[in-house]
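Below are the chains, spelled out letter by letter.
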Amino acid sequence: MEVEDKYEKLRVVGRGAFGICWLCKKKGEENAEKVIIKTIPLHGLSTKEEQEIKGEADLLRKMNHPMIIGYYDYFTCTDSIAIVMQFAEGGTLENLIRDQRGVHFSEAIVLKYFTQILLGLEYMHSLNIVHRDLKTQNILLNRKRTLIKLSDFGVSKQLNTRSVASTLIGTPNYLSPEMVEGRSYNMKSDIWALGCVLYELFMLRRAFDGENLPAIVMKITQQKYAPLGNHVSKESRDLVGKILSGNEDSRPTVKDIMTCPLILSYTLTVVLDTGRIMGSVPEKRRSQPTQLTMRARTGSDSIASSPSTTAAYYRTQNLIATNHSSSRSSFSTTTASVGSTTYINTVRKG
Ligand SMILES: Nc1ncnc2c1ncn2[C@@H]1O[C@H](COP(=O)(O)OP(=O)(O)OP(=O)(O)O)[C@@H](O)[C@H]1O
């Protein structure tokens, strides 16, 4: 089958090292959702490599999280593999940063985006999957540019306990010190890349940049980056410093970051806001203790139909947020459980 048999190709939205991304629409369906089809040429690939790509595509289809781009399907064409995925209308985080034209985001905005990325990564890491290519070009946005979606797991690999993936893959600016030293890639390398993204959100430029590869590598090995400006709080500067630690053992895990005092309230807010965006709580149930609903389908930002689906989703996430609010009470309480710890956040209403 060829892409054109089933889909109308509307335009090219981007090109990566491995393929072309087309905006497409299913033929014969008037109101069909627009999708992205990434075509990866088979030319020059061994059967093993082809199998690996298909294995990756199978893995992607199993991922189910609002902060991860929805992967719908894949099929083999005469000379390429076509991967069908959700269209992120808001473009990339790299574009969003560029569009700021030097005007810094507020700290609250930065930390909201950052926490969303964190939640997506937490989901992947909970499945023992490392991203391997986290960068602002691979962080996509919804139309309103309020929700992020992690994408491009073309080189992600499921880590099993015996094998540690050690191939050197990635854009040089986000490579961790252990990678440039030729050591193994692991989840802490994703954390390093996350720190680079956080730095970029604050400073609107890359943490480690240079004229050429050796210059970039030198800065990475020395963890040499321009200090964060005065517009960034000490807590955030400390967090960036901890994440961009040269020693991977000193770097925090996703869960450590999610539950640190600076980020915890953002974790709660993002979980609750996402609940609102993904599945608004029916009006009549707002006056009762409410289990926030969120549909775990990644295909669209659609309304949740089943609270139990949501609860199951958060359970898989190991993070359950519950919003207790009463029309008579002047306080609203939010509790979140991360692992075995429950956090309670009480705020005065109105
Ligand atoms: N699902 C999507 N929705 C909207 N735009 C997308 C989507 N996927 C990719 N794009 C656009 O296409 C561009 C190319 O994507 P692609 O995944 O092929 O490569 P890349 O991530 O830029 O680089 P590489 O794959 O070489 O690491 C992206 O930068 C983005 O602008």
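The structure reproduced in this document is the subject of the present report. Just so we're clear, the structure is a prediction, and the values are computed from it rather than from any experiment.

A look at the overall build of the protein
Here comes step 1: What the protein contains, in helices and strands, is 11 helices and 13 strands.
Here comes step 2: Each of the 350 residues in the protein was classed as buried or not, and the buried ones make up 50%.
Here comes step 3: In the protein, the share of contacts with a sequence separation of at least 24, taken over all contacts with a separation of at least 6, comes to 59%.
Here comes step 4: A total accessible area of about 16700 Å² is found for the protein, and carbon and sulfur atoms account for 50% of it.

Re the packing of helix α4 (residues 107-126) against helix α6 (residues 187-203)
Here comes step 1: For the pair α4 and α6, interaxial distance at closest approach is 10 Å and the crossing angle is 165°. Classified by the angle between their axes, α4 and α6 sit roughly antiparallel to one another. Every pair of crossing elements has a handedness; the one defined by α4 and α6 is right-handed. Contacts between α4 and α6 involve Glu 107, Val 110, Leu 111, Tyr 113, Phe 114, Ile 117, Leu 118, Leu 121 and His 125 from the first element and Met 187, Asp 190, Leu 194, Val 197, Leu 198, Leu 201 and Phe 202 from the second.
Here comes step 2: In terms of residue class, the contact of α4 with α6 is made up of 13 nonpolar, 1 polar and 2 charged.

Considering the side chain of Ser 176
Here comes step 1: Among the structural elements, Ser 176 can be located in the loop between β9 (157-158) and α5 (177-180).
Here comes step 2: Here Glu 178 takes part through its side chain, which lies 3.1 Å from a polar atom of the side chain of Ser 176.
Here comes step 3: Excluding residues within four positions of it along the chain, Ser 176 makes contact with Ser 189, Trp 192, Ile 220 and Arg 251.

Examining the pairing of strand β2 (residues 20-26)
Here comes step 1: In the sheet, strand β1 (residues 7-15) pairs with β2 via 7 bridges, with the strands oriented antiparallel. Note on β2: the bridge partner recorded for Glu 8 is Lys 25.
Here comes step 2: In textbook terms, the turn of a hairpin is the stretch between consecutive antiparallel strands, and for β1 and β2 this stretch comprises 4 residues.
Here comes step 3: One ladder, built from 6 bridges, connects β2 with strand β3 (residues 34-41); its direction is antiparallel. Of the residues in β3, the one forming a bridge with Lys 25 is Lys 34.

Remarks on the site of the ligand
Here comes step 1: Surveying the vicinity of the ligand reveals 22 residues, the closest of which are Ala 17, Lys 38, Gln 86, Asn 138 and Asp 152.
Here comes step 2: One of the side-chain nitrogen or oxygen atoms of Lys 38 is found 2.9 Å away from an oxygen atom of the ligand.
Here comes step 3: Between the ligand and Gln 86, the relevant distance is 2.8 Å, taken from a nitrogen atom to a main-chain nitrogen or oxygen of the residue.
Here comes step 4: Contributions of two or more residues to the shell around the ligand are made by β1, β3 and β5 (80-86).
Here comes step 5: Looking at which element gives the most residues to the shell around the ligand, the answer is β1, with 3 residues.
Here comes step 6: Considered class by class, the residues forming the shell around the ligand number 10 nonpolar, 7 polar and 5 charged.

Notes on the side chain of His 65
Here comes step 1: As for its position among the elements, His 65 is in the loop between α2 (47-62) and β4 (71-76).
Here comes step 2: In terms of polar contacts, His 65 uses its side chain to reach the backbone amide nitrogen of Met 67, at 2.9 Å.

What about the packing of aromatic side chains?
Here comes step 1: Inspection of every chain in the model, using the stated rule, returns 5 aromatic pairs.
Here comes step 2: With centroids separated by 5.4 Å and ring planes inclined at 75°, the aromatic side chains of Tyr 199 and Tyr 225 adopt a geometry described as edge-to-face. Of this pair, Tyr 199 sits in helix α6 while Tyr 225 sits in the loop between α7 (213-221) and α8 (234-243), placing them 26 residues apart in sequence.
Here comes step 3: Look at Tyr 199 and you get buried, because its relative accessible area is 0%.
Here comes step 4: A ring pair is formed by Phe 208 and Tyr 225, whose centres lie 5.9 Å apart and whose planes are at 90°; its orientation type is edge-to-face. Here Phe 208 is found in the loop between α6 and α7, whereas its partner Tyr 225 is found in the loop between α7 and α8, with 17 residues between them in sequence.
Here comes step 5: A residue is classified by how much of its surface remains accessible, and Phe 208, at 0% relative accessible area, is buried.
Here comes step 6: Residue classification places Tyr 225 among the partly exposed residues on the basis of a relative accessible area of 24%.
Here comes step 7: Three or more aromatic residues joined by ring pairs make a cluster, and in this case those are Trp 192, Tyr 199, Phe 208 and Tyr 225.

Reading the values: rules and limits
Along each chain, residues carry numbers from 1 onward, in the same order as the chain's sequence is written. In keeping with the model being predicted, local features are shown solely for residues with a pLDDT of at least 70 and side-chain atom pairs are shown and tallied solely at 80 or more, while totals for entire chains, interfaces and linings include all residues. To get the side-chain values, take all heavy atoms of the structure and skip hydrogens and water. Helix and strand labels come from DSSP, where a helix needs a run of H or I of at least four residues and a strand needs a run of E of at least two; each type is numbered from the N terminus. Per-residue accessibility, obtained with a 1.4 Å probe over protein chains only, is compared with the maximum for each type, and a residue is labelled buried under 20%, exposed over 50%, and partly exposed between these values. The contact criterion used is simple: two residues touch if any of their non-hydrogen atoms lie within 4.5 Å. Note that accessible areas follow from Shrake-Rupley with a 1.4 Å probe, and for residues the cover is restricted to the protein chains shown. Only the stretch in contact is used when fitting a helix axis, every axis being a line fitted to C-alpha atoms; angles between N-to-C directions are given from 0 to 180 degrees. When an angle is under 35 degrees it counts as roughly parallel; over 145 it counts as roughly antiparallel; between 65 and 115 it counts as roughly perpendicular; any other value is oblique. Helix crossings fall into two classes, left-handed where the near helix is turned counterclockwise from the far one by less than a right angle and right-handed where it is turned clockwise. Amino acids are sorted into nonpolar (Ala, Val, Leu, Ile, Met, Phe, Trp, Tyr, Cys and Pro), charged (Asp, Glu, Lys and Arg) and polar (every other residue, Gly among them). Whenever two N or O atoms come within 3.5 Å, that pair is a polar contact, provided that in protein one can donate a hydrogen and the other can accept it, and provided that, for residues adjacent in sequence, both atoms are side-chain atoms. If DSSP finds at least two bridges between two strands, the strands pair. Proximity criterion: a residue is near a molecule or strand once any of its heavy atoms comes within 4 Å of it. The rule is short: rings of Phe, Tyr and Trp, with Trp giving its six-membered ring, pair when the centres are within 6.5 Å, and they are stacked under 30 degrees, edge-to-face over 60, tilted in between.

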